[in-house]
Amino acid sequence: MITIKNLHASIGDKEILKGINLEIKAGEIHAIMGPNGSGKSTLASVLAGREDYEVTQGEVIFNGKNLLDLAAEDRAREGLFLAFQYPVEIPGVSNINFLKTALNEIRAYHGQEEMPAKDFLALVKEKQKLVELDGKLTNRSVNEGFSGGEKKRNEIFQMAMLNPKLAVLDETDSGLDIDALRIVATGVNALKSKENAFVVITHYQRLLDYIVPDFVHILYNGQIVRSGGKELALELEAKGYDEIKKQFESLEK
Amino acid sequence: MIAEKSNTAQLIIDKISSSAEKVNFIDNDQLSKALLYLENKGIPNNKHEDYKYCNIDGIFKKEFRNIEQKLNSVTDVAQYKLKDALTLVVVNGNYSESLSDKLILKGLHLTAFSNLDKEEKKLIGCLANVESDAFIALNTAFSGAGFHLKIADNEQLQMPIHILYVSSANSEALVNPRNVIELGKNAEATIIEEQICIGTGKVFTNFLSEKFVGENAKLTSYTFQNEGANGFSVNTNQVTINRYGKYDNTTVTLSGALVRNNHNVVLAAQNCQAHLNGLFTTRNNQLVDNHTLMDHQMPNCESNELYKGIITDKSTGVFNGKIYVRKDAQKTNAYQSSKNILLSDDATINTKPQLEIYADDVKCSHGTSTGKIDEVAVFYLNARGIGRESAKKLLLNAFAQEVINKIEVDELKEKILNLFENEL
Ligand SMILES: Nc1ncnc2c1ncn2[C@@H]1O[C@H](COP(=O)(O)OP(=O)(O)OP(=O)(O)O)[C@@H](O)[C@H]1O
Ligand SMILES: [Mg+2]
């Protein structure tokens, strides 16, 4: 699905990603954990094509294509989806119009015709139900005045609508109450298949009880410093990052 | 030193006097005042405080050196008509009865200027002071054969009136459309004024409308300007509102080489309301200059202004909002807001609120913001597969909504929305 090799990225003259290596295959779920400021969102943004970051080294191959050569919209059209840690409010653009435009531009990219309005509305209904999103929200402006939890749920709704090959969920669990957490997890599990893959960025084991990862990676100071199975998350939950920090600090010296 | 004077006004007067028809509906006193004013003051250039960004003297000298007044007749306006409105057509400043719809609306009375009786003629120039502005004077001197539109007391027009002003010439030309619109006591009307410029020659349209909103009357007015690269215009709306009257105007300017709007509203009695909304898009070297004046003369009145601009290329937008609160105008509420998006580094916006408040118990506020397109939002849209161009369109559309949504005539709203989207 995706191969990330020695990825370095900086903003201004500050290097944030310092050589990331990661291989994700179809059908897998990977969790990325790590302390605040370690570069998790940066990695997600760089993959999604945010131009504020400069990639200084490395390559990313996404389903045979050189991802870093593609514009952000083409990455999405190729099947990459980022659920934002901080979803953006867009006053005046209705959720529905936004999704219709997105869906149809993705279809056009693949040489498909626009989705008939009827099918589109049926799809909206179906996916809304899946993530138990209040129908009223879909008619409002994108994320405008949504509560924190509603914004996160809206991200999952969009993911369900666009049906990506690789979805990167950046702290979609933070700010969610227990019910919402379960709903988001249900959404992910319902969409999960042999053909797609998920990267779940999180601080808490809690989400991983619902979305069980095949691999857990720890990102620290712009590098993946440890990888393991789902038990690594439990270990972290118990011990915190102290050990890793210490190791790193001794390396620095 | 006479040669130094280089009086553009005089040149224009000389040039168009020969071809202009005699203006027999404006009284001689006003005519001579108009000519005198033009002779003394000339056409304003950028040294004139009110025309600082809008050097019309310069435009006349540069773009209208060869006014030849080769005006075209227009035979078909079907494509511009709205389905559910009564269309009145004005060609190069003159009301065309043959192109206009039959006046079938109850309570509506239209009288061509030339058919007004002596008393009625006094209404022309009643609100617009010929000695207050060069373009009012110029219009007065060469006024087209316009009309007086009256909505009778207690009548609510069942359909909007769509006044289509068509300018068309095969040479450089100056035309001066003019009308007087009067709403009687408790009357209600929706009036759409659309300005277009067709034909191969550049036309300077110097438009003047005097609007009187009677006691407890309501005038909903829309101005839609889409004059294209050959259209230059100064548009003066001189409005007076009586007690409990309400005046709402939404002006959308999509194109025009130069568009200067002087929208002057006098809240002349207690408890009246005025709302002015504007949306303009400019590109290339265009200039759109909205000057508004809210003159609060009496207590308990409310005014609200919202102007939004999208400025591209090397074009320029101007919003200048004057608010007077006279000493009797206690309990005035006056708000003003100007929001703009600059789409290129060479685009310019000049905004200036001018509040002059002589009463003490008033609520006045103004705000202005100017920004670029929100790149964070663009990225969010890109990340969902929406390309840069459509993302920009969605966002500019969203920006414009606030003004476009003020348009309550669905057909007009749709037409403007479509044309607006094509402009982006
Ligand atoms: N636009 C920016 N300008 C300057 N520094 C930035 C910018 N964006 C990110 N950084 C820095 O890069 C580092 C990594 O940030 P990032 O958001 O990727 O962390 P994170 O691992 O997602 O943290 P969290 O768990 O708090 O979400 C931080 O030190 C942050 O301050
Ligand atoms: Mg983060």
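For the structure, check the block above.
Here's what I pulled together on the structure shown here. Bear in mind the structure is a predicted one, so any value in this text is a computation, not a measurement.

What counts and what doesn't
- Residues numbered from 1 in each chain as written.
- Chains lettered and ligands numbered in written order.
- Predicted model: local features only at pLDDT ≥ 70, side-chain atom pairs only at ≥ 80, totals over all residues.
- Heavy atoms only, no water.
- Helix = DSSP H or I, 4+ residues; strand = E, 2+ residues; numbered from the N terminus.
- Rg over C-alpha atoms; globule rule 2.2 N^0.38 Å.
- Buried < 20%, exposed > 50% of the residue type's maximum accessible area, 1.4 Å probe, protein only.
- Contact = heavy atoms within 4.5 Å.
- Areas by Shrake-Rupley, 256 points an atom, 1.4 Å probe, with all protein chains shown as cover.
- Lys, Arg positive; Asp, Glu negative; His and termini not counted.
- Charge placed at Lys NZ, Arg CZ, Asp CG, Glu CD.
- Donors = N, O, S within 2.8 Å, 3.2 Å for Na, K, Ca; no water.
- Pairing = 2+ DSSP bridges.
- Axes fitted to C-alpha atoms, helices over the stretch in contact; angles between N-to-C directions.
- Polar contact = N/O pair within 3.5 Å; in protein donor to acceptor, adjacent residues only side chain to side chain.
- Phe/Tyr/Trp six-rings, centres within 6.5 Å; stacked < 30°, edge-to-face > 60°.
- Lys NZ or Arg CZ within 6 Å of the ring centre and 35° of its normal.
- Left-handed = near helix turned anticlockwise from the far one by under 90°.
- Nonpolar A, V, L, I, M, F, W, Y, C, P; charged D, E, K, R; others polar.
- Buried area = accessible area lost by both parts, 1.4 Å probe.
- Salt bridge = Lys/Arg side-chain N within 4 Å of Asp/Glu carboxyl O.

## Some thoughts on the overall build of chain B
Piece 1. The number of helices and strands found in chain B is eight helices and 20 strands.
Piece 2. Taking 424 residues into account, the globule formula puts the C-alpha radius of gyration at 22 Å, and chain B, at 21 Å, falls close to it.
Piece 3. Overall size of chain B, expressed as C-alpha extent along the three principal axes, is 65 × 50 × 50 Å.
Piece 4. Out of the 424 residues in chain B, the part that is buried amounts to 59%.
Piece 5. Sequence separation of 24 or more characterises 85% of the internal contacts of chain B that already satisfy a separation of 6 or more.
Piece 6. Summed over its atoms, the accessible surface of chain B is roughly 17,300 Å², and 46% of this surface lies on carbon and sulfur atoms.
Piece 7. Measuring between centres, the 45 positive side-chain charges of chain B sit 2 Å from its 52 negative side-chain charges.

## Observations regarding the coordination of the magnesium ion (ligand 2)
Octahedral six-donor coordination of a metal ideally yields angles of 90 or 180 degrees, compared with 109.5 degrees for tetrahedral four-donor coordination.
Residues and elements named next belong to chain A.
Piece 1. Every protein donor of the magnesium ion (ligand 2) is accounted for by Ser-41 (OG) and Gln-85 (OE1), and the metal-donor separations fall at 2.0 to 2.1 Å. In this pair, Ser-41 sits in helix H1 (residues 40-48) while Gln-85 sits in the loop between strand S6 (80-83) and strand S7 (90-94), placing the two residues 44 residues apart along the sequence.
Piece 2. The exposure class of Gln-85 is buried, given its relative accessible area of 15%.

## A word on the sheet that holds strand S4 (residues 54-62) of chain A
Residue and element names in this part refer to chain A.
Piece 1. The antiparallel open sheet is built from four strands, whose spatial order is S2-S1-S4-S5. Each having just a single partner strand, strand S2 (14-24) and strand S5 (65-66) make up the two edges of the open sheet.
Piece 2. As defined by bridge partners, strand S1 (residues 2-11) adjoins S2 across eight bridges and the pair is classed as antiparallel. By the bridge assignment, His-8 is partnered in S2 with Lys-18.
Piece 3. Each of S1, S2 and S4 touches H1; the most contacted strand, S1, lies at about 105 degrees to it.

## Considerations on the side chain of B:Ser344
Residue and element names in this part refer to chain B.
Piece 1. Within the element layout of this structure, Ser-344 appears in the loop between strand S18 (332-342) and strand S19 (348-357).
Piece 2. Within polar-contact distance, the side chain of Ser-344 engages the backbone nitrogen of Asp-346 at 3.2 Å.
Piece 3. Engagement of the side chain of Ser-344 in a polar contact is seen with the backbone nitrogen of Ala-347, the distance being 3.2 Å.
Piece 4. Ignoring anything within four residues of it in the chain, the contact list for Ser-344 reads Ile-311, Thr-312 and Asp-313.

## Here's the deal with the sheet that holds strand S12 (residues 246-255) of chain B
Residues and elements named next belong to chain B.
Piece 1. Within the open sheet, the 10 strands sit side by side as S2-S1-S5-S8-S10-S12-S14-S16-S18-S20. Their pairing is mixed. In this open sheet, the two edge strands, each paired with only one partner strand, are strand S2 (94-96) and strand S20 (362-371). For this sheet, the mean inter-axis angle between neighbouring strands, taken without regard to orientation, is 15 degrees.
Piece 2. Looking at chain direction, strand S1 (residues 86-91) and strand S5 (residues 161-168) are connected through six bridges and run parallel. Note on S5: the bridge partner recorded for Leu-88 is Ile-163.
Piece 3. This element, helix H7 (residues 388-404), spans S12, strand S14 (273-282), strand S16 (302-311) and S18 of the sheet and lies at about 155 degrees to S16.

## Some points on unusual backbone geometry
All names here are of chain B.
Piece 1. We note that Tyr-244 has phi near 55 degrees; this positive angle belongs to a residue other than glycine.
Piece 2. Its place among the elements puts Tyr-244 in the loop between strand S11 (231-241) and S12.
Piece 3. In this structure Tyr-244 comes out as partly exposed when scored by relative accessible area, which is 48%.
Piece 4. Even without a glycine there, the phi angle at Asn-271 is positive, about 60 degrees.
Piece 5. Within the element layout of this structure, Asn-271 appears in the loop between strand S13 (258-267) and S14.

## Brief notes about the packing of aromatic side chains
All names here are of chain B.
Piece 1. Tallied over the entire structure, the rule returns 13 aromatic pairs over all chains.
Piece 2. The interplanar angle of 80 degrees and the centroid separation of 4.9 Å between the aromatic rings of Tyr-165 and Phe-207 together place this pair among those described as edge-to-face. Remark: Phe-207 occurs in strand S9 (residues 203-213) and Tyr-165 occurs in strand S5; sequence separation between them is 42 residues.
Piece 3. Here Tyr-165 falls in the buried class, since its relative accessible area comes to 4%.
Piece 4. Assessed through its relative accessible area of 3%, Phe-207 is described here as buried.
Piece 5. Clustering of aromatic rings is evident, with ring pairs tying together Tyr-51, Phe-60, Phe-64, Phe-135, Phe-204 and Phe-232.
Piece 6. Positioned above the aromatic ring of Phe-399, the side-chain terminus of Lys-308 is 4.4 Å from the ring centre.

## Examining the environment of A:Lys194
All names here are of chain A.
Piece 1. With respect to the helices, strands and loops of the structure, Lys-194 is situated in the loop between helix H7 (178-191) and strand S10 (197-201).
Piece 2. Judged by its relative accessible area of 70%, Lys-194 is exposed.
Piece 3. Separated by 29 residues in the primary sequence, Lys-194 and Lys-165 have C-alpha atoms spaced 10.0 Å apart.
Piece 4. Apart from residues no more than four positions distant in its own chain, Lys-194 is found in contact with Ala-26 and Gly-27.

## Focus on the packing of helix H3 (residues 95-109) of chain A against helix H6 (residues 148-162) of chain A
All names here are of chain A.
Piece 1. Put simply, H3 and H6 touch, their axes get as near as 10 Å, and they point 35 degrees apart. Of the two possible hands of crossing, H3 and H6 adopt the one that is right-handed. Across the interface between the two elements, Asn-95, Phe-98, Leu-99, Ala-102, Leu-103 and Ile-106 from H3 touch Asn-154, Phe-157, Gln-158, Met-161 and Leu-162 from H6.
Piece 2. Taken together, the residues that form the contact of H3 with H6 break down as eight nonpolar, three polar and no charged.

## Regarding the interface of chain B and chain A
Piece 1. Listed by partner, the interface residues are 17 residues for chain B and 30 residues for chain A.
Piece 2. Counting each side, the surface lost to burial between chain B and chain A is near 1,800 Å², with a carbon and sulfur contribution of 70%.
Piece 3. Interface area lost by chain B to chain A is led by B:Phe379, B:Tyr380 and B:Arg384, which between them contribute 43%.
Piece 4. Where chain B packs against chain A, one counts one salt bridge.
Piece 5. A:Glu155 serves as the salt-bridge partner of B:Arg384, at 2.7 Å between the closest nitrogen and oxygen.
Piece 6. Put simply, chain B and chain A have nine residue pairs in polar contact (both at pLDDT 80 or more) between them.
Piece 7. Every element with two or more residues in the side of chain B that touches chain A is listed here: helix H6 (375-382) and H7 of chain B.
Piece 8. Looking at the side of chain B that touches chain A residue by residue, the classes come out as 10 nonpolar, five polar and two charged.

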